[in-house]
Amino acid sequence: MSRSAKDFFRPLAVGAPEPLREIPARPSRAIHFFDPSNAKMAAKIPAMVGTVDVLLGNLEDAVKADNKEAARAGLVQIAKDTDFGPTQLWTRINSLDSPWVLDDLTTLVTEIGDKLDVIMVPKVQGAEDIHYVDRILAQLEAAAGLTRPILVHAILETARGVANVEEICGASPRMQGLSLGPADLAADRRMKTTRVGGGHPGYLVRQDPASSDEADINAARTTYQQDLWHYTIARMVDACAMHGIYPYYGPFGDIADVVACEDQFRNAFLLGCVGTWSLHPKQIAIANRVFSPSVEDVAHARMVKEAMGDGTGAVMINGKMEDDASLKQCLVMVELAEQLAAIDPELKAAYDAIETV
């Protein structure tokens with residue numbers, strides 16, 4: 001990085017707000033996408049406030065070229081008319097090489113920058129893309145008189161982006177997190193799948209044959225479907241953890257297969273992701289359930305925290321050894337439960353009931 005470390009947290013424009021030194025850990029289990037140019041969809045947004053952690057006005061893919069300006073104008077109007085309360089408002093702008101992106105940034109920051117929490121940037125290739133957006137946002141924030149910086153979220157949708165994931169995460173104090181973009185990434189890698197996220201029945205391992213005899217080799221053997229995205233998600237999680245920002249699973253395109261959707265979301269949660277995208281309201285409930293620690297896990301985590309005291313040494317709980325490493329894992333769970341309880345009354349009631357068990 002060419003900038004001196006001491007300059008990293010200085011505003012990039014005169015009058016721009018001071019950059020954040022730590023990204024807030026705001027619950028964002030589901031990032032629900034909506035098309036602001038779709039009047040029917042836009043009309044449902046006020047009623048969704050409080051039911052989902054993040055509402056995202058999508059200006060990029062899934063919005064036709066003829067509707068780009070209408071989507072931008074629709075998002076501005078929705079933001080002005082809606083009190084989002086505990087729900088965050090995000091947007092996904094058009095790609096940086098598109099004819100719409102400059103107007104996206106100029107319009108949104110100057111007109112609704114005070115309402116906008118995060119700008120999602122698609123197809124990020126390297127740190128240079130974040131630097132470009134960073135400088136423009138600082139200039140626009142200064143012009144609009146904003147007092148807090150708008151954060152940036154990058155989508156990993158190219159092989160080059162994955163190869164540069166660490167430098168992308170550390171490119172700016174604005175970086176809030178990363179999302180997996182499996183469809184575009186699959187195309188860029190020349191992967192042989194047309195699915196949007198999820199597994200593939202052809203990507204598997206097979207149980208060894210009982211012997212080298214032809215009959216045993218050709219006999220039915222158990223197969224285990226593998227996860228096409230495990231490597232990318234794990235690398236993304238590490239890069240985000242290194243820089244104190246947040247990783248997210250992206251879209252799961254098979255809306256009807258809620259069972260496989262839940263499995264994929266849970267894999268991402270267990271690996272360290274804090275949330276996922278929602279392409280349909282039915283996926284919100286799945287994401288909220290999966291990316292919230294279970295009552296049983298929270299109860300165990302609190303028990304370990306209580307038993308460990310100052311965090312040194314080791315204790316036996318229900319026949320299992322717990323030590324300082326266990327405590328660190330449990331503190332992650334307890335902290336997340338506290339954050340979610342502050343915005344989700346049902347979860348709060350469930351977590352509070354643990355104390356009386």
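Residues numbered from 1 in each chain as written. Predicted model: local features only at pLDDT ≥ 70, side-chain atom pairs only at ≥ 80, totals over all residues. Heavy atoms only, no water.

(A) Local environment of the packing of aromatic side chains. On inspection of all chains with the given rule, the structure shows six aromatic pairs. A centroid spacing of 6.0 Å and a plane angle of 75° characterise the contact between tryptophan 90 and tyrosine 248, whose relative ring orientation is edge-to-face. Pair noted here: tryptophan 90 is in strand 3 (residues 88-92) and tyrosine 248 is in strand 9 (residues 246-248), with a separation of 158 residues, a long-range link. Summarising the burial analysis for this pair, tryptophan 90 and tyrosine 248 share the class buried. With a centroid separation of 6.2 Å and an interplanar angle of 50°, the aromatic rings of phenylalanine 265 and phenylalanine 291 are classed as tilted. With a gap of 26 residues between them, phenylalanine 265 in helix 11 (residues 258-271) and phenylalanine 291 in the loop between helix 12 (281-290) and helix 13 (295-308) connect regions that are remote in the sequence. Judged by relative accessible area, phenylalanine 265 falls into the buried class, the value being 0%. Judged by relative accessible area, which is 1%, phenylalanine 291 ranks as buried. Taken together, Tyr249, Phe265, Phe269 and Phe291 form an aromatic cluster joined through their ring pairs. Between lysine 68 and the ring centre of tryptophan 100, over which it is positioned, the NZ or CZ distance is 5.1 Å. (Phe/Tyr/Trp six-rings, centres within 6.5 Å; stacked < 30°, edge-to-face > 60°. Helix = DSSP H or I, 4+ residues; strand = E, 2+ residues; numbered from the N terminus. Buried < 20%, exposed > 50% of the residue type's maximum accessible area, 1.4 Å probe, protein only. Lys NZ or Arg CZ within 6 Å of the ring centre and 35° of its normal.)

(B) Spatial organisation of the sheet that holds strand 2 (residues 54-58). Judged by pairing direction, the sheet is parallel, and its eight strands sit side by side in the order 9-6-5-4-3-2-1-10 without closing on themselves. In this open sheet, the two strands that pair with only one neighbour each are strand 9 and strand 10 (276-278). Averaged over neighbouring strand pairs, the angle between their axes works out to 25° when direction is ignored. Alignment of strand 5 (residues 151-156) against strand 6 (residues 175-180), held across five bridges, turns out to be parallel. Bridged to isoleucine 155 within strand 6 is serine 179. Strand contacts of helix 10 (residues 230-243): strand 5, strand 6 and strand 9, with the helix running at about 175° to strand 6, the strand carrying the most contacts. (Pairing = 2+ DSSP bridges. Axes fitted to C-alpha atoms, helices over the stretch in contact; angles between N-to-C directions. Contact = heavy atoms within 4.5 Å.)

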